[in-house]
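The residues making up each chain are set out below.
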Amino acid sequence: MPEGNSNGSRSRAGRTEGGRRRLRSALAVAALDLFASKGYDATTVEDIVEGVGVGRRTFFRYFRSKEEVVFPDHDERLAEVVEELERSDADASPMRVVCRAAETVLETYLAEPEISLKRFELTRQVSSLRDREIVSIDRYQRVFARYLRRCYADGPNADLRASVTAATVVATHNHVLRRWLKSGGEIDAHGALRAALDDAGIVDREPSGASGGAGESENDVVIGVLRTSAPAETVRRRIESALREFPGSG
């Protein structure tokens, strides 16, 4: 009997959580539709809740502001990435761990394509939301860099290596995400991300557990492209500048 009650409680909790997610998603979709038709500044919280058939108090149980409805679950997603990095195997390749975390971030966009595509169009039109998106990208980059800095702490140029690798992973992720969004969600984003990370030199070729230990070559480098929109000549200069920082690269 106790076991049956426990299973029943878990089932009810799952249904409740599923209902919360559906309502949160419905509010986000309604808001994004209104932002597109009426304009972001002209749309009020009252307009959003009227479209879904709930009250203002319900809206504010899910979102702290109108701006936040454009980026639902961002804090939770960031926390999940931090947890994923923290529970990773100590012997795992740091770059592979970060690449898997980047796939986790990508999946959050792919899991709700309607919201992701509508948000993409909106952020192209509203500068304040575009600024908010840039801040969110920076938070992921800092999380990746912090994890890599710990992994590379005993090796040469740990801070530079962590910062450049984190910036490259995030820039590569964003490049693939934009391609997926511009395609209307049609391309194989996971496959494209893996291929792009490989092309960028991020897929780890070091032995497992390398963090400045005996198995690591001092000539191994990480190439970082900090802004995918930069002209090719600017990218080349930045890569050469990063390479000059590593021992034996001259």
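Being a predicted model, the structure only gives us computed values, none of them experimental. All residue numbers refer to positions counted from 1 along the written sequence of the respective chain. The model is predicted, so local features are restricted to residues of pLDDT at least 70 and side-chain atom pairs to those at 80 or more, both for listing and for counting; the totals for chains, interfaces and linings are taken over all residues. The basis for the side-chain values is all heavy atoms of the structure; hydrogens and waters are excluded.

## Section: the UniProt feature "DNA-binding region" (unreviewed entry) in the protein
Test applied: UniProt positions are given in the numbering used here, feature names are shortened, and annotations may be inferred rather than shown by experiment. A run of H or I in DSSP becomes a helix once it reaches four residues, and a run of E becomes a strand once it reaches two; helices and strands are each numbered from the N terminus.
Within this numbering scheme, the UniProt entry marks residues 44–63 as carrying the feature "DNA-binding region" (unreviewed entry). Here residues 44–63 runs as 75% helix and 0% strand, with 13 Å between its end C-alpha atoms.

## As for empty space enclosed by the protein
For the record, the criterion: Each cavity reported here is a set of points on a 1 Å grid over the protein atoms alone in which a 1.4 Å probe fits but cannot get out, each pocket an open set with protein on both sides within 12 Å along at least five of seven lines, and each lining residue one with an atom within 4 Å of a point. Grid points are joined across faces, edges and corners, and a volume is the space filled by probe spheres set on the points. Under the scheme applied, nonpolar residues are Ala, Val, Leu, Ile, Met, Phe, Trp, Tyr, Cys and Pro; charged residues are Asp, Glu, Lys and Arg; polar residues are all the others, including Gly.
Under the counting rule described, the total for this entry stands at one cavity of 30 Å³ or more. Looking at the largest cavity, the residues that line it are F71, P72, H74, R77, T108, Y109, R119, S136 and Y140. For the lining of the largest cavity, the secondary-structure elements that each account for two or more residues are α4 (74–86), α5 (94–110) and α7 (127–151). Partitioning the lining of the largest cavity into residue classes produces four nonpolar, three polar and two charged.

## A look at the packing of aromatic side chains
What counts here: Only Phe, Tyr and Trp rings are paired, with Trp represented by its six-membered ring, and only when their centres lie within 6.5 Å; those with planes under 30 degrees apart are stacked, over 60 edge-to-face, the remainder tilted. Exposure is judged per residue with a 1.4 Å probe applied to protein chains only, and the accessible area is read against the type maximum: over 50% gives exposed, under 20% gives buried, and values in between give partly exposed. Charge-over-ring placement is defined geometrically: NZ (Lys) or CZ (Arg) within 6 Å of the ring centre, and within 35 degrees of the ring normal.
Evaluated as defined, the whole model comprises three aromatic pairs. With centroids separated by 4.9 Å and ring planes inclined at 70°, the aromatic side chains of F35 and Y40 adopt a geometry described as edge-to-face. A relative accessible area of 2% places F35 in the buried class. Residue Y40 is classed as buried on the basis of its relative accessible area of 11%. Site record: aromatic cluster; members linked through ring pairs are F59, F60 and F63. Over the ring of Y40 we find K66; its NZ or CZ atom is 4.4 Å from the centre of that ring.

## Things to note about the nonpolar core
In a soluble, globular protein the nonpolar side chains are often hidden away together inside. For clarity, the cut-off: Put simply, a nonpolar core is a bunch of buried Ala, Val, Leu, Ile, Met, Phe, Trp, Tyr and Cys residues held in one set by side-chain atoms that sit within 4.5 Å of each other.
Ranked by internal contacts, the top residues of the largest apolar core, which has 37 residues, are V81, L85, F144, L148 and V169. Of all the elements in the fold, those that place two or more residues in this core are α4, α5, α7, α8 (158–182) and α9 (189–199). Of the residues forming this core, the biggest block, 10 residues, is contributed by α5. Membership of the second largest hydrophobic core comes to 21 residues, among which are A28, Y40, V49 and F59.

## Focus: the environment of R96
With respect to the secondary-structure elements, R96 resides in helix α5. Residue class for R96 comes out partly exposed when judged on its relative accessible area of 42%. Along the sequence, R96 and I202 sit 106 residues apart, while their C-alpha atoms lie 8.3 Å from each other.

## Brief notes about the environment of V52
Condition: The contact definition used throughout considers only heavy atoms, calling two residues in contact when any of these lie within 4.5 Å.
You can see V52 is positioned in helix α2 (residues 45–52). C-alpha separation for the pair V52 and A31, spaced 21 residues apart in sequence, amounts to 9.3 Å. Dropping the residues within four chain positions of it, V52 is found in contact with L23, A26, L27 and A30.

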